[in-house]
Structure formats: structure tokens, C-alpha cells
Amino acid sequence: MQRVQFSIAHSVLVTLACLAILVPRAFAFAEEEFLGPFDNWRDVQRDFGAVGDGQADDTAAFQRAIDELAKHRWSTVLYVPRGTYRLTKTLKAARAEHHDLTGVTLVGESPDNTTLVWDGVEHGDMLQWEAWYSTLSRLGFDGRNRAGAAIRVGPKFSTHNETSDLLIRDVGNGILLGEPDKQGQAEHEVLRCRFINCGEGVVTQNFNSMDIWIWYCHFVDCGRAIHNYQGNWHAWQCRFERSKTSDLSLQNLMVFSIVNNVSIGSKCFVDFSAGFVWGAPTSITGNRALEPTGPTVIKLNNTGPYLVADNTLELSGDTRGIELTPVGDQVLVGNRYSGENAVKEQGRFHRVADRQIAASEISREIPELPKTPPRRERQVFDIRAGAVGAVVQDRINKAAQLAGQRPVVHLPMGAFHFTETLIIPAGCDVQIVGDGDGPTATRLVWNGPPNGTLIRFQGPSRASLRNVNLQAGRARAIVVENADQPGGRILADQLLASGPDRPQAEPTAAVKIVRVEQTDILLRALQGSGGAGDWVNVAGGPRGTAAKNQISIFCGASTTAQSQYSIEQGGRLTVRGVYHERTGDASTAVRMNGDGNLSIDATRFSYATSKDAPTVLLDSLNGRFTAATTMFLALTPEICRIETRGNGTQASALALANQFWLSGPAVGSETIWQNLARPPAAGGLIASNMNTSTDALPGGYKLLAEVGRQATVDKPRPRETQTSDTPAVDDATIEMHLEQLRGARVWHPGEVPAGATDLYLHRVWASSGLHTTVEIRGGK
């Protein structure tokens, strides 16, 4: 990369340069790129003496490098140039102190030419990784059919990790997350990794190894590709080929989502046959299974509940598509099977619009998975560690003059202090990159007035911001302006946003989206907390619920918030695969008032409960609320409940295939589902059950009576428990409520029209003690 150093100077006008790219043409989203190595990064060959010829023993050199990385003295990034590195002992990235290995990165040139090979004891581990708020990326691991595990994450607890673009082959286990009876590994995105000939690919094996988000991964000739001994995972947009036992399986229970995957020639796609009575709410949607080799493509057991929708299963001979659980709830919608008797019907179930098709109707086209981001030659504006905000602004202004060339502004490990807002000019495709978002890596710190903004993206923005920690203090961390154009896109991957911990005069949120009705917004693996405000607040604009764009959270985790989701003024939000952990006393997780649509599935709410405040409050709702395959876990004696209030004329609410955990005495559907709106809201409580770890229920669970469309506070009309697929809420209502979930688009960088927003945030940690932390606005 070309590197440029400038002295401090007043910025020149950059508007004309930025406008150069805003011509009326299709604009290919600047594909994700590998940015580096930068001069300040440590190099395992140059600085520690590794050879990388496949013959020398590089174990000691690597270990010295990792030990140095833990100290955060020179750099938080260790770079591995191309080569074959022979290991004879386990590399140990171990934490002696709390902040060791916080916010560090171990990165190779490419997984196809930068390989660690195992020449140690049989069944030994190649890498023990205890880092947190960290990234492990762009490396190959070759176990040579001797290594027990390529990567053992733990045993100390970690969170907010990324493991990306690895090639792992010929090992017993690819990535082990946690160990039984020790500590878990949570909030971990496994992204674009390849697993070849692994006994097991990704394995969770601790009850706190939760929120493992597996995206765009490729598994070939593995025994079990993804497996849960304890904890949970979510599998999205992956490809499985020839799994010998199963693609996806479990031995313990939590919440799971299995979305838009392709299975080819595997013995079993989903094996949830482990026989627990307590359930695992699971969403299995949009998948395709081709040429299965075993007797059943999808095996369900435990009480679920399950949503199985829009899957296409190729069947031949005696192969069965789905074996339903005999003990729980399941809802099947819009699935297609190329065979007769595709579903073994048992337990309590609803089937809507399932159909048999000819094998010739099944597409054989296999979608291409995103590749490892390439390294591109870009002009780099390096900034010395600790430079003041004026220097950073000067470099960005100079980089902005290179519109269309994707220049890079690099901020190394260290703190950068700002008293004035950092402005990212509209239309410029500058890439701002730090060395990590942990508290010891690249920090941008606000020292200005209380009502300021740390970073402002003037819109429409075409910039990217990666690997930085934004400490906004009494200011807003990020404001994105003028973000609403047809075809626009905003992708935030692993954004960690935390709101104020004390109530403020004006309502606050960790993430607030206002009047964005044309630009798609995808928050992938979103993390953080709302503090004393909302975690995510979405307010619509003039189009309201008629807007056609999509605002979505696909996978994530949060802690304390006054409400996790607040929808108002026609806002629309789709939430899938998120974990909410209670650390505060707030009782209401979801608030909807007036116009709006909210659809949730495969999500867990762990909440304090109250007689005075429901878990979900729908007040004079003019729109739809849908909760499917969601776990409502009451941490106090009152059970979680969904409540409608006010005018219910235009309200429709559906609780479909949900699980309610009980910590107090047993109750019934009339306690959980309270339709207090007058006239009553449409909708109901369908295919849901109740679990408990107390002796309140025989066997620890019960199926809940189903509540139909017109239950009222005066004369509730719960339906009797169903034993067939005759629905209590009609099929049209179910399909209407699932429309938003089923139609949700999962996308990665593609073409964006000229003049539209094209913003990318990757591993940005942002906090504010006084204001909304991240705000995305349709206007200025």
C-alpha cells in the first residue's frame, strides 16, 4: 500500500471531489477488503524469528509473539506473512491478568497460503485462544489427521470475538467453544470459514457458550459440522457437503436459528433427536437439502417449539423429509418436498401451505459463498498514535479528495482525543480503520461539550469505519445523516453499542433509526445495552408501515435496557436470533405505541417480571406484532406476559410457537396472553408451551391452551389443546404475521445505485453516557 504522511494543515474544500462519484450509474459496493499489514503491526517472521518453510519448528517463535501480544506494549495486531509454520506444541494465548489479550488481532496474509501445520502429539490442540474482544483471521490450520482440535477457545471466559476467513482441515475438532464445568465463550461470530474433513466443525460445550453466530461458512466431509453439547449457536447462509452424521445437531437445549443454508449429500440436515422434555425454540427457515443420504432430513424432538418454514427438501426412495416431535409444538409453513409422506406427523402441530413438488422443480443452483476479502493496494494515510483530533480530520479531508479510490486512513493502537466533531464528508469512499475495538486498542475519545457528536457521517455516505473504540462520554458517538435513498444500504457487523446508565431528560437509545424508509439497514451480530434507555428504537416517517425497505437485526445479544425494542410512528423492525440477558430491573422488553410492525423469532428474553408491567406492551397498536420461536424466561415469580391495551381496532398480535419459563406457581394462557384492548386486538397465542425447573408442573412442562382471534378481557375464549393440525387462528392470519419474517432479505455487499447511502461499520464499539449512542437519520 502507498503510505502518505502530512503535516497539520487546514482542509481544502472536498465537496467537488466527493460529488465526482455521484453520477447516475450503478455503483458496485466496494467489496470488503483486507486492510494491512500496517507499519506498526508486529510480524511473526520479522520481529520474532519464525521461518515459515514447513521444516523449521516455529513453535517457540510463535509463542514469543503471542506472549508479547498479550502485553499491548507495541501493537495489538500480530501479522503472519505467507508461509507454512510447523508446530510441535500447543500455542497458548492465555490471560494471566483481566486485560491481557483484550482487543488483539492475530491475522495472516491469506488462509490459502498462510498455514499452521501440526507435528505434535496425536490428539493435541494447535491453538488455545483466551483472547476477548478479539479477532482471529485469515489463517490455515492443517491438523494432518493428528491434531485433536485446531482452536480451543478458553478456558477463561471471552466475549465479542470474531473468527473469520480460516481454512481448517484434517482435525478432530475445528473450533471448540468452552469446556464443560469451566467457563463459556459467548457472543462470537464465525464468519466465512471453511472446514474440511473435521470430525466436528464448530462445537459449543459449555452452558455459557451462547450466541455463537455462524455465517457464510463451508463444511465439507465432516462428521458433524455444527454441534451443541451445551450452549447454543445460530447457523446462517452456510453450505454443508457430505456430512457423515449430520450438518446441525444438539445434545442440550436453548434457542437456535437455522436460516438459508444449503445441504448437499449429507446423511442428516438437522438432528435434534436428543430426547429432552424441556424445549429448544428453533426457527428452521429458507433452507434447501439436496441428495440426502440418510433416512430423515430433519429430526425434531423435545418440546420445541419449532417454526419450520419455506424449506425445500429433495426426497427419494424411503427418505422422509421431517420427523416431528411427539412431545411438543411445531408450525410448518410453505415447505416443499419432492416425495410423498414427507412428514411424520406427531405431537401438536399446524401445517399451512406445505406442498409436494416434482424433483425437477427444485433448483440445483448453489449460491456462491462470500470469499475471503482480497488485499487491495490503496493509498494509506497513516496517523501517529495519540494524535489530536485536528490531525485525524486533516487526513480524512485529504483522503476525501481521492473519491472513487477507496483511500485508507489508519489509526493505530492508542487514544485519539477530540474536542470537535470528526466529519466524514458526503459521497466519499474513505476507509477509516483502527487496530481493534477493545479498550486497549484504537480509542477515539470525546473531550468536547456535552451535546456534541464524536463522528458525523454526512450523507449520503459511502465510507467505512472499522476496528475502533468510540468513547463518546457526554456526546453522541455516531450520527449518520441523510441516509435515506432508494437502493441504499447500511451494514453494521458486530457493532457494540451501549447507552447511558442513568435516565436522561430526553429518551435515549443505544441505536436509534429515524425516518429511514428507503435504505436497507442490516445490523448483524449487534451487541451492547440500552442502559437507562432503549437498546434499539425505530421511528418511521411519512410512508410508515407502507415503506418497502428493511430494517433488521440478524443475530445479536444485549444486557440492560429500559426496553430492548421501542417501535413508534410507523417504524418497522425484524429481529432474529438475539439473546437478551437481564442485568437491571426493567420489566418491559418490547414497547409498541401507535403505528408500527415488529417481527421477532429465535430470540430469548431473560427478564425481571412485574404485576404492574408486562414483558411485551402493545398500546393502541396500529400494525402487527409477531413473536415466534421465542423464549420468555421469567427471572422473578411473575411469568412473562404479552398485553394489548387501548384501542385494538387496527391491532393484530400473534404469539406463535413460543416458550414461557415459569419460576413461580403454575398459571394458564389467560395470564400469559392478556388482550385488554377494546375492541380486542386480533391474533392469539398458538402452539406455545410452558417450562419450569421447579416442581410447579408435572414433568416440568405443559402445552398451553390456544387462544383464538377474538379473546377479550371479559370473556376469554381459549381453545382446547389441539391434537391435530386444525388451527385456532386461521391460516391466513398465520401467514399474514409471518410475512415480514419470511420476506426478510439476507444480504452482503452488492451493487448500490449512484447517490445512495453505502455505509459499512465493522467491529465498532461505541458508548455514550448522556445521549443516544448511534443515530441513523433519514434527514439531517
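Residues numbered from 1 in each chain as written. Predicted model: local features only at pLDDT ≥ 70, side-chain atom pairs only at ≥ 80, totals over all residues. Heavy atoms only, no water.

A. Geometry of the overall build of the protein chain. Per the secondary structure count, the protein chain includes 5 helices and 70 strands. Here the C-alpha atoms of the protein chain give a radius of gyration of 26 Å, agreeing with the 28 Å that 2.2 N^0.38 yields for 780 residues. On the principal axes, the C-alpha backbone points of the protein chain span a range of 75 × 60 × 50 Å. Taking all 780 residues of the protein chain together, 66% fall into the buried category. Sequence separation of at least 24 residues holds for 76% of the intrachain contacts in the protein chain that already meet a minimum separation of 6. Here the protein chain contributes 76 positive and 82 negative side-chain charges, whose respective centroids are spaced 3 Å apart. (Helix = DSSP H or I, 4+ residues; strand = E, 2+ residues; numbered from the N terminus. Rg over C-alpha atoms; globule rule 2.2 N^0.38 Å. Buried < 20%, exposed > 50% of the residue type's maximum accessible area, 1.4 Å probe, protein only. Contact = heavy atoms within 4.5 Å. Lys, Arg positive; Asp, Glu negative; His and termini not counted. Charge placed at Lys NZ, Arg CZ, Asp CG, Glu CD.)

B. Fine view of the nonpolar core. One finds I151, F195 and F219 to be the most contacted residues of the largest nonpolar core, which totals 102 residues. It is helix α2 (residues 59–69) that contributes the most residues to this core, 5 residues altogether. Excluding anything up to four places from it in sequence, F219 contacts F195, G201, V202, I214, A225, I226, C238, R239, F240 and E241. Counting residues in each nonpolar core, the second largest holds 89 residues, with F457, A510, I567 and A627 among its members. (Core = buried A, V, L, I, M, F, W, Y, C linked by side-chain atoms within 4.5 Å.)

C. Quick peek at the side chain of T574. Structurally, T574 can be placed in strand β54 (residues 571–580). Taking relative accessible area as the criterion, T574 reaches 3% and is therefore assigned buried. Beyond its immediate chain neighbours, meaning those up to four positions away, T574 contacts I551, S552, I553, F554, S599, Q740, L741 and A744.

D. Broad picture of α2. Most of α2 sits out of view: 8 of its 11 residues are buried. By the burial criterion, the buried members of α2 are T59, A61, F62, Q63, A65, I66, E68 and L69.

E. View of the environment of T772. For T772, the position within the fold is in the loop between β69 (758–767) and β70 (774–777). Overall, the relative accessible area of 8% leaves T772 in the buried class. With 633 residues separating them along the chain, T772 and L139 place their C-alpha atoms 38 Å apart. Residue contacts for T772: discarding those within four places in its chain leaves R476, A477, P507, T508, A509 and K512. Reaching out from T772, the side chain makes a polar contact with the backbone nitrogen of A509 at a distance of 3.2 Å. (Polar contact = N/O pair within 3.5 Å; in protein donor to acceptor, adjacent residues only side chain to side chain.)

F. Structural view of the state of the cysteines. Scanning the entire structure with this criterion turns up 0 disulfides. Considering cysteine sulfurs only, C193 is the nearest to C217, which forms no disulfide, with 4.8 Å between them. Under the relative-accessibility criterion, C217 is labelled buried at 0%. The thiol of C268 is unpaired, and the distance to the nearest cysteine sulfur, on C222, comes to 15 Å. By relative accessible area, which is 4% here, C268 ends up buried. (Disulfide = S-S within 2.5 Å.)

G. Fine view of the environment of L697. Along the chain, the position of L697 falls in the loop between β64 (689–692) and β65 (701–703). Taking relative accessible area as the criterion, L697 reaches 7% and is therefore assigned buried. For L697 and V667, which are 30 residues apart along the polypeptide, the C-alpha to C-alpha distance reads 9.7 Å. Filtering out sequence-adjacent residues up to four positions away, L697 remains in contact with L662, A666, M690, T692 and K702.

H. Structural detail: unusual backbone geometry. Following G154, the chain continues into P155 via a peptide bond in cis, with omega recorded as 10 degrees. Here P155 shows up in the loop between β13 (149–153) and β14 (161–164). G459 connects to P460 through a cis peptide bond whose omega is 0 degrees. For P460, the position within the fold is in the loop between β44 (453–457) and β45 (464–471). One non-glycine residue, R138, adopts positive backbone phi at about 65 degrees. Along the polypeptide, R138 turns up in the loop between β11 (135–137) and β12 (140–142). Even without a glycine there, the phi angle at D310 is positive, about 60 degrees.

I. How the structure looks around the environment of R524. Of note, R524 is situated in strand β50 (residues 520–529). Expressed as a C-alpha distance, the spacing of R524 and A359, which sit 165 residues apart in the sequence, is 34 Å. Ignoring any residue separated from it by four or fewer positions in sequence, one finds R524 in contact with E189, L191, W215, Y216, A492, D493, Q494, F554 and C555.

J. Region of the structure containing the pairing of β45. Most of β45 is tucked away: 7 of the 8 residues are buried. Relative to β45, strand β42 (residues 431–434) is paired through 3 bridges, and the arrangement is parallel. Counted as the bridge partner of V433 is R466 from β45. Note that strand β43 (residues 442–446) and β45 share 3 bridges and pair parallel. Paired with R443 across the two strands is N469, which belongs to β45. Here β45 pairs with β69 via 7 bridges, running parallel. Bridged to L465 within β69 is L761. (Pairing = 2+ DSSP bridges.)

K. Inspection of the packing of aromatic side chains at higher detail. Considering all chains together, one arrives at 22 aromatic pairs under this definition. Residues W132 and Y133 carry aromatic rings whose centres are separated by 5.4 Å and whose planes lie at 40 degrees to one another, so their mutual orientation is tilted. For the pair shown, W132 and Y133 are each scored as buried. On the numbers, 4.9 Å between centres and 25 degrees between planes, the contact of Y133 with W765 is stacked. Taken together, the positions of Y133 in the loop between β10 (125–129) and β11 and W765 in strand β69 put the pair 632 residues apart, joining distant regions of the chain. Each member of the aromatic cluster is reached from another via a ring pair, and the members are W535, Y565, F605, Y607, F632 and F660. Seen from the ring of W215, R524 lies directly overhead, with NZ or CZ sitting 5.2 Å from the centre. (Phe/Tyr/Trp six-rings, centres within 6.5 Å; stacked < 30°, edge-to-face > 60°. Lys NZ or Arg CZ within 6 Å of the ring centre and 35° of its normal.)

L. Broad picture of helix α3 (residues 389–400). Helix length check: α3 (12 residues) gives 16 Å between terminal C-alpha atoms against 16 Å at 1.5 Å per residue, within 8%. Counting buried residues in α3 gives 11 out of 12 residues, a clear majority hidden from the surface. For α3, the set of buried residues is G389, V391, V392, Q393, D394, R395, I396, N397, K398, A399 and A400. (Expected span 1.5 Å × (residues − 1).)

Any functional reading would require information beyond the geometric quantities listed.
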